[in-house]
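Breakdown of the fold
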Amino acid sequence: QVQLVESGGGLVQAGGSLRLSCAASGLTFSTYTMGWFRQAPGKEREFVAGISGSGVTTLYADSVKGRSTISRDNAKNTVYLQMNSLKPEDTAVYYCAAKRWPYTTQYDYWGQGTQVTVSS
């Protein structure tokens, strides 16, 4: 079955950096659009960044644009989210997700999440 396993979260001071990873298995990784989402306490889950199967096309939420970079290594079935200049408002559980059809908003598979905490 499909598994998405995130890692790389943790506690970091404001202004610091983190690199999240998401290892995928059970799917033809290069044919899936991958996304990162986050959910802060008491808030709805929100889109952070997305990347096409080839890695050519990326999309970012305004809240992280210029501070974050999504990338993927199709040989390793892994997608990454490099986050720089972190702010306390970036504190959330970060999830990776996969969708087969790039022009839909619905993601088919989700990971279990990794906690990111940014202290001020």
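Reference entry: report on the structure contained in this document. (Residues numbered from 1 in each chain as written. Predicted model: local features only at pLDDT ≥ 70, side-chain atom pairs only at ≥ 80, totals over all residues. Heavy atoms only, no water.)

So, the sheet that holds strand S8 (residues 78-83)
- Taken in spatial order, the 4 strands line up as S1-S3-S8-S7 in an open sheet, and their pairing is antiparallel. Among the strands making up the open sheet, the edge pair consists of strand S1 (3-7) and strand S7 (68-73). Pairs of neighbouring strands in the sheet enclose a mean axial angle of 15°, with direction left out of account.
- Of the pairings in the sheet, the one linking S7 to S8 comprises 6 bridges and is antiparallel in character. Bridging across to S8, Arg72 finds its partner in Val79. (Pairing = 2+ DSSP bridges. Helix = DSSP H or I, 4+ residues; strand = E, 2+ residues; numbered from the N terminus. Axes fitted to C-alpha atoms, helices over the stretch in contact; angles between N-to-C directions.)

Regarding the pattern of salt bridges
- Going through the model one piece at a time under the given rule, you end up with 4 salt bridges.
- The closest approach of N and O atoms between Arg38 and Asp90, which form a salt bridge, is 2.9 Å. Taken together, the positions of Arg38 in strand S4 (residues 33-39) and Asp90 in the loop between S8 and strand S9 (92-99) put the pair 52 residues apart, joining distant regions of the chain. Neither Arg38 nor Asp90 differs from the other in exposure class; each is buried.
- Note that Arg67 is salt-bridged to Asp90, the shortest N-O span being 2.8 Å. You can see Arg67 sitting in the loop between strand S6 (58-60) and S7 and its partner Asp90 sitting in the loop between S8 and S9, a full 23 residues away along the chain. Across this residue pair, the class does not change: Arg67 and Asp90 are buried.
- Within the structure, one salt-bridge network assembled from shared partners comprises Arg38, Glu46, Arg67 and Asp90. (Salt bridge = Lys/Arg side-chain N within 4 Å of Asp/Glu carboxyl O. Buried < 20%, exposed > 50% of the residue type's maximum accessible area, 1.4 Å probe, protein only.)

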